[in-house]
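Reading the structure
The primary structure of each chain is shown beneath.
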Amino acid sequence: SLLNGMQRLEEQFDYLLIDTAAGIADSVIHFVLAAERALLVISPDPTSLTDAFALTRILKRNNYGGKLHALVNMADSLESARKVYQRFAQAVHKYMQVDIDWFGHVSADRAVVTSVRLQHPVILVQPDAPASRCFHALAQELLPRGCGAVFSFAIRGTRAQGRKLIESLNLFSHLANVGDAKSL
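In this report, we go over the structure that sits alongside the text. Numbers given for residues are sequential positions, taken from 1 along each chain in its written order. Selection of residues for local features in this predicted model requires a pLDDT of at least 70, selection of side-chain atom pairs for listing and counting requires 80 or more, and totals for whole chains, interfaces and linings are taken over all residues. No hydrogens and no water enter the side-chain calculation; it runs on all heavy atoms of the structure.

1. Considering the pattern of salt bridges
The salt bridge definition used is simple: a Lys or Arg side-chain nitrogen within 4 Å of an Asp or Glu carboxyl oxygen. Tallying each qualifying case throughout the model produces two salt bridges. We note a salt bridge from Asp101 to Lys67, for which the minimum N-O separation is 3.0 Å. With Asp101 in strand β3 (residues 100-107) and Lys67 in strand β2 (residues 67-75), the pair connects residues that are 34 residues apart, well separated along the chain. The exposure class assigned to Lys67 is partly exposed, which follows from its relative accessible area of 37%. The salt bridge partner of Lys83 is Glu79, with a shortest N-O separation of 3.4 Å. Taken together, the residues Lys83 and Glu79, both in helix α4 (residues 78-96) and four residues apart, mark about one turn of the helix. Judged by relative accessible area, Glu79 falls into the exposed class, the value being 53%. Strands here are runs of E lasting at least two residues and helices are runs of H or I lasting at least four, both read from the DSSP assignment and numbered beginning at the N terminus. The buried label goes to any residue with under 20% of its type's maximum accessible area, the exposed label to any with over 50%, and the partly exposed label to all in between, with areas taken from a 1.4 Å probe on protein chains only.

2. Thoughts on the sheet that holds β3
Reading across from one edge, β1-β2-β3 is the order of the three strands in this open sheet, with parallel pairing throughout. If you trace the sheet from one side to the other, it starts and ends with β1 (37-42) and β3, each paired once. Put simply, the sheet's adjacent strands are angled 25 degrees from each other on average, direction ignored. Criterion used throughout: strands pair if DSSP finds at least two bridges between them. Both β1 and β2 contribute to a ladder of six bridges, which runs parallel. By the bridge assignment, Ile42 is partnered in β2 with Val72. Contacts from helix α3 (residues 46-61) reach β1, β2 and β3 within the one sheet, and its direction differs from that of β1 by about 155 degrees. Only heavy atoms enter the contact rule, under which two residues are in contact if any of them lie within 4.5 Å. Lines fitted to C-alpha atoms define the axes here, with helix axes fitted over just the stretch in contact, and angles between the N-to-C directions of these axes take values from 0 to 180 degrees. Contacting β2 and β3, helix α7 (residues 130-142) crosses the sheet at an angle of about 150 degrees to β3.

3. Notes on unusual backbone geometry
The phi dihedral of Met74 is positive, around 60 degrees, even though this residue is not glycine. Note that Met74 resides in strand β2. Of note, the phi angle at Gln119 is positive, near 60 degrees, even though the residue is not glycine. Relative to the assigned elements, Gln119 resides in the loop between α5 (110-118) and α6 (122-125).

4. Remarks on the packing of α3 against α4
One can describe the packing of α3 onto α4 by two numbers: an axis separation of 11 Å at closest approach and a directional angle of 35 degrees. Where α3 crosses over α4, the two elements pack in a sense that is right-handed. On the side of α3, the interface is formed by Leu49, Ala52, Phe53, Thr56, Arg57 and Lys60, while α4 contributes Val84, Arg87, Phe88, Ala91, Val92, Tyr95 and Met96. When residues are sorted by character, Ala, Val, Leu, Ile, Met, Phe, Trp, Tyr, Cys and Pro go into the nonpolar class, Asp, Glu, Lys and Arg into the charged class, and all the rest, Gly among them, into the polar class. In terms of residue class, the contact of α3 with α4 is built from nine nonpolar, one polar and three charged. Two helices cross in a left-handed way if the nearer one is turned anticlockwise from the farther one by less than a right angle. They cross in a right-handed way if the turn is clockwise.

5. As for the packing of aromatic side chains
Each Phe, Tyr or Trp ring, with Trp reduced to its six-membered ring, pairs with another whose centre is within 6.5 Å; inter-plane angles below 30 degrees give stacked pairs, above 60 give edge-to-face pairs, and intermediate values give tilted ones. Following the criterion strictly, the structure yields two aromatic pairs and no others. Aromatic pair Tyr85 and Trp102: ring centres 5.4 Å apart, planes at 70 degrees, arrangement edge-to-face. Taken as a pair, Tyr85 in helix α4 and Trp102 in strand β3 lie far apart in primary sequence, 17 residues in all. Here Tyr85 falls in the buried class, since its relative accessible area comes to 13%. Our definition puts a charge over a ring when NZ of Lys or CZ of Arg is within 6 Å of the ring centre and also within 35 degrees of the ring normal. The ring of Trp102 has Arg82 lying over it, and the distance from NZ or CZ to the ring centre is 4.2 Å.

6. So, the side chain of His69
Mapped onto the fold, His69 is located in strand β2. Ignoring any residue separated from it by four or fewer positions in sequence, one finds His69 in contact with Arg37, Ala38, Leu39, Leu40, Ile100, Asp101 and Phe103.

Here it is in structure tokens:
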């Protein structure tokens, strides 16, 4: 099954990030229950908070033993993100006696809209944009000592130019994974 496959991957990697759909579908519940840590992405929007509250209630009902964290998306500022988090965390604690830790925030930023339209990560499209700085801070939070032996970079240009670069390197080999090059 998929969950068994994930458990095998767990032996190879420190972190396995799974981006589930919003809401409380069975697939979402199963993925989160299998996770050691869950990051609830909330926004100031009431439906987002209601969905996250419902998910937390189901996790409690299913005796979720992992750690819950909250990330506030589309925040006007760090201060407003903290207020959204505090309201949410207090409500969850009051009604369910469940603690949710602060993980961080992502600023509301037009650069994200542009990057989605271009289908490129915001951190590559506009590295100095507020949202990009937030993503960098989140990466630092998750991996405070850096990313270890992983070296990654982005290539600007055409697919042919990227292929030419990868094929010209002696340390790297192009693998069958989509858009992936790994040292061998």
